[in-house]
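# Secondary and tertiary structure notes
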Amino acid sequence: MRHHLILRVITKILVGPIILYGLYVQFHGDFSPGGGFQAGVIIAVAFTLYGIVFGLRAVYAVLPPWVVHRLMALGLLIYAGVGILNMLSGYEFLNYGAFAPNHPSHGQHLGILWVETGVGITVTGVMIAVFYAFAGRPPRMGDDDW
Amino acid sequence: MAETIINVVLFSMLVLTALALVRMERLFTIVMLAGVFSLLAAMLFVTLDAVDVAFTEAAVGAGVSTVLYLGTIALTARGCKPSVRPSTVPLLVCIITGAVLIWGTLDMPNFGDAEAPAEVHVAQYYLTESVKEIDVPNVVTSILASYRGFDTLGEVAVIFAAGVGVLLIISRMPGQGRRKDKEDS
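All right, on to the overall build of chain B then. When helices and strands are counted, chain B shows eight helices and zero strands. In sequence order, the secondary structure elements of chain B are arranged as α-α-α-α-α-α-α-α. Taken along the three principal axes of its C-alpha coordinates, chain B extends 65 × 45 × 30 Å. Relative to its full complement of 185 residues, chain B shows a buried share of 24%. For chain B, contacts bridging at least 24 residues in sequence account for 44% of all contacts bridging at least 6.

Below is the structure:
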């Protein structure tokens, strides 16, 4: 889509705010609708949009596939790691009270923050990886065939 | 009253979109209409006060899956082959399945019923105690990430597994694609 000037300019303007909004949804999920699942998709959308308009090579330069593949696993490991950390301090698996034994709700806040971060990272990774997988194959149709 | 009108309008638009989807043959328009369908569903979720679900439906259903469908079209073909076989048997199967599903809903509690199983079990406890125990204003988040944290871990694992599956099936890993090209030529 190299020839679409308007799309390129609009994309450049939009990508930043989309990622910012994704981070807002991620970290404001305790107070308003949203959380890791939605934020992950929104952040992935920013990269997908960039990839569609500027081509895969440009988006690979920002976020290479090997990073995306590791992000997929990293989020799940963070989530499970929180649970194991709780067990190491003598609580049940995923009992966030372990983070602040004297103030249970603070522990819950910390636990939810980390768990949601893990969810967001995995969802972002999977969405971008799936997009890369689809877009990475040579298409059978040219731009004008649509 | 206003809510009834909104629901009726949204549901009839949903049905009309579904009917239009069935009759289309150009895949590009079908994909776009599928996005419209998702947005309508998201609006219905908003009228049900399920904003978190609406959010997900709009982002995944109307956003990401539309892009993935377009990617699939780019890899395959842009029209579908007209079917040559008679469609009476599939139609019968659809009608019977639909009738069974509607029959199944007869046993379900009425909309907004305070005695519904979903309301009398743990929901009351979550709604009253989560402010004290978790101290997070969004109850959906506290249920999802704390009370039901283990379920959500499973959900994330499912998403991870699905992503790995897609990668294994259609992704071209570095090196692998080139080897295959050589075999082709």
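Tallying the contact residues gives 48 residues for chain A and 48 residues for chain B. When the two sides are added together, the surface that chain A and chain B hide from each other amounts to roughly 4200 Å², 75% of it contributed by carbon and sulfur. For the pair chain A and chain B, the interface holds 14 residue pairs in polar contact (both at pLDDT 80 or more). Counting residues per element, the side of chain A that touches chain B draws most heavily on helix α5 (residues 104–135) of chain A, which supplies 16 residues. The residue inventory of the side of chain A that touches chain B, partitioned by class, reads 32 nonpolar, eleven polar and five charged.

Look at helix α4 (residues 65–88) of chain A against helix α7 (residues 149–170) of chain B: their axes get within 10 Å of each other, and the N-to-C directions meet at 165 degrees. Here α7(B) runs roughly antiparallel to α4(A), going by the angle between their axes. In this structure, the crossing between α4(A) and α7(B) has a hand that is left-handed. In this structure, α4(A) contributes A:His69, A:Met72, A:Ala73, A:Leu76, A:Tyr79 and A:Ala80 to the contact, and α7(B) contributes B:Gly149, B:Thr152, B:Leu153, B:Val156, B:Ala157, B:Phe160, B:Gly163, B:Val164 and B:Leu167. Tallied by class, the residues present in the contact of α4(A) with α7(B) amount to eleven nonpolar, four polar and no charged.

Below, the discussion takes up the nonpolar core. Judged by nonpolar contacts, the single largest core of 38 residues is most densely connected at A:Tyr79, A:Leu94, A:Tyr96, A:Val115, A:Ile128 and A:Tyr132. Those elements giving two or more residues to this core turn out to be α2 (36–54), α3 (56–62), α4 and α5 of chain A together with α3 (51–75) and α7 of chain B. It is α5(A) that contributes the most residues to this core, 13 residues altogether. Filtering out sequence-adjacent residues up to four positions away, A:Tyr132 remains in contact with A:Leu56, A:Val59, A:Tyr60, A:Leu63, A:Pro64, A:Pro65 and A:Val68. Within the second largest apolar cluster, seven residues are counted, among which are A:Val15, A:Ala39, A:Ile42 and B:Phe55.

So, about the side chain of A:Gln38. Tracing the sequence through the fold places A:Gln38 in helix α2. A polar contact of 3.0 Å, which involves the side chain of A:Gln38, links it to the backbone oxygen of B:Asp52. When sequence neighbours within four positions are dropped, the list of residues in contact with A:Gln38 reads A:Val25, B:Asp52, B:Phe55 and B:Thr56.

Moving on, we get to the environment of B:Asp107. Relative to the helices and strands, B:Asp107 resides in the loop between α4 (88–105) and α5 (117–133). Note: C-alpha distance between B:Asp107 and B:Val166 (59 residues apart in sequence) is 38 Å.

We now examine the confidence of the model for chain B. Caution applies to low-pLDDT regions: their predicted coordinates should not be interpreted in detail. Residues and elements named next belong to chain B. Averaged over every residue, the pLDDT of chain B is 85; residues scoring 70 or more account for 92%. Of all helices and strands in chain B, the one with the weakest mean pLDDT is helix α8 (residues 176–184) (46), whereas α4 scores best (93). In the predicted complex, the global pTM is 0.84; the interface-specific ipTM is 0.88.

So, about the packing of aromatic side chains. Counted according to the given criterion, the structure contains nine aromatic pairs over all chains. Residues A:Phe93 and B:Phe150 carry aromatic rings whose centres are separated by 5.9 Å and whose planes lie at 80 degrees to one another, so their mutual orientation is edge-to-face. In this pair, A:Phe93 sits in the loop between α4 and α5 while B:Phe150 sits in helix α7, so the two residues belong to two different chains. Owing to a relative accessible area of 29%, A:Phe93 belongs among the partly exposed residues under this scheme. Taking relative accessible area as the criterion, B:Phe150 reaches 58% and is therefore assigned exposed.

Looking now at a nonpolar patch on the surface. Residues and elements named next belong to chain A. There is a patch of nonpolar side chains on the surface, built from Leu 20, Leu 23, Phe 27, Leu 110, Leu 113 and Trp 114 and spanning about 570 Å² of accessible area. Among the secondary structure elements, those contributing two or more residues to the nonpolar patch are α1 (5–27) and α5. Mapped onto the elements of the fold, Leu 113 is located in helix α5.

Another aspect to go through is α4(B). In this model α4(B) runs 26 Å from its N-terminal to its C-terminal C-alpha over 18 residues, within 8% of the 26 Å that 1.5 Å per residue would give. For α4(B), the tally of buried residues reaches only zero of 18 residues, placing the bulk of the element at the surface.

On to the side chain of B:Thr66. Residues and elements named next belong to chain B. Its location among the elements puts Thr 66 in helix α3. With a relative accessible area of 10%, Thr 66 lands in the buried category. Apart from residues no more than four positions distant in its own chain, Thr 66 is found in contact with Val 31, Met 32, Gly 35 and Gly 61.

Conventions and cut-offs
Residues numbered from 1 in each chain as written. Chains lettered and ligands numbered in written order. Predicted model: local features only at pLDDT ≥ 70, side-chain atom pairs only at ≥ 80, totals over all residues. Heavy atoms only, no water. Helix = DSSP H or I, 4+ residues; strand = E, 2+ residues; numbered from the N terminus. Buried < 20%, exposed > 50% of the residue type's maximum accessible area, 1.4 Å probe, protein only. Contact = heavy atoms within 4.5 Å. Buried area = accessible area lost by both parts, 1.4 Å probe. Polar contact = N/O pair within 3.5 Å; in protein donor to acceptor, adjacent residues only side chain to side chain. Nonpolar A, V, L, I, M, F, W, Y, C, P; charged D, E, K, R; others polar. Axes fitted to C-alpha atoms, helices over the stretch in contact; angles between N-to-C directions. Parallel < 35°, antiparallel > 145°, perpendicular 65-115°, else oblique. Left-handed = near helix turned anticlockwise from the far one by under 90°. Core = buried A, V, L, I, M, F, W, Y, C linked by side-chain atoms within 4.5 Å. pLDDT = per-residue confidence, 0-100. Phe/Tyr/Trp six-rings, centres within 6.5 Å; stacked < 30°, edge-to-face > 60°. Patch = residues over 30% accessible without salt bridge, like charges linked within 9 Å, V, L, I, M, F, W, Y side chains within 5 Å. Areas by Shrake-Rupley, 256 points an atom, 1.4 Å probe, with all protein chains shown as cover. Salt bridge = Lys/Arg side-chain N within 4 Å of Asp/Glu carboxyl O. Expected span 1.5 Å × (residues − 1).

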